[in-house]
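# A look at the structure
As a plain string of letters, each chain reads:
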Amino acid sequence: MGFSQVDICNLALSRAGGNSILQITSLGEASTEARQCAIKFPHVLRSALRAYPWNFATKTVALALLGTNEEQKFYKNIYYYQYPEDCLQILAINNPLDLQNSNQEQVITSFPYSVELGSDSTKFILTPCPQALLRFITYIDDPNVWDSLFCDAFAWQLASELCMSLGGDNGRVQALKDLASLAFDKAKSQDSKESQYVLVHSNYLGARE
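Here's what I pulled together on the structure shown here. (Residues numbered from 1 in each chain as written. Predicted model: local features only at pLDDT ≥ 70, side-chain atom pairs only at ≥ 80, totals over all residues. Heavy atoms only, no water.)

### Some points on the sheet that holds strand S2 (residues 65-69)
If you walk across this open sheet you meet the four strands as S2-S3-S7-S6, and the pairing is antiparallel. Every other strand in the sheet has two partners, leaving S2 and strand S6 (114-117) as the edge strands with one partner each. Pairs of neighbouring strands in the sheet enclose a mean axial angle of 30 degrees, with direction left out of account. Judged from the four bridges that link them, S2 and strand S3 (residues 78-82) form a sheet pairing that is antiparallel. Paired with Asn 69 across the strands is Ile 78, a residue of S3. (Pairing = 2+ DSSP bridges. Helix = DSSP H or I, 4+ residues; strand = E, 2+ residues; numbered from the N terminus. Axes fitted to C-alpha atoms, helices over the stretch in contact; angles between N-to-C directions.)

Following this line, the structure appears as structure tokens:
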């Protein structure tokens, strides 16, 4: 049986402690607990996903080419790509041929890139990589897709945020944060065992997000 967002929120609420904190049946119900869960859940989740290259949240897509700048004085052959809407954190930019010619134990060097805003305030990616493949962390709010250890760690982190908002004392809030940190360390250690590729980022051009 899988977990729902409400299940995760109720686990976090139970960990937050306090006899006055009630369980919820829906994130849309008219209770203080539900309102706080609805506010905190996406905020805490985005932070947790961005903090580490989780395998379950990693996605690879071919970037949509917007244009090139072959006449640039300092950096020639720069390609402009559309920034995916569901991208939370860029992990690497590679050419398909590089990935095809690599093996599972090979160190893969990411192409350099820069993330900038266009005149219409939309983000785009600049890189010298032709036919770019983007490997990134995507926003996944379905607990059934999460690793079980991440699920546990996230619930501890959410509990610390809820405890703070629902009147918990500073000592309890800090204790929950400490438990979340330990749980995330365990989750990261296990997650790292499920990936054999080592990505190295180049400093050329830098990377701004």
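### Concerning the sheet that holds strand S8 (residues 133-138)
Strand order in the open sheet formed by three strands is S1-S8-S4, and the pairing between neighbours is antiparallel. The open sheet is flanked by strand S1 (58-62) and strand S4 (87-94), the only strands paired with a single partner. Adjacent strand axes in the sheet meet at a mean angle of 30 degrees when their direction is disregarded. When S4 meets S8, the two strands line up antiparallel, connected through six bridges. When the bridges of S8 are listed, Asn 94 appears paired with Leu 133. Sheet strands in contact with helix H2 (residues 32-50) are S4 and S8, and its direction is about 20 degrees off that of S4. (Contact = heavy atoms within 4.5 Å.)

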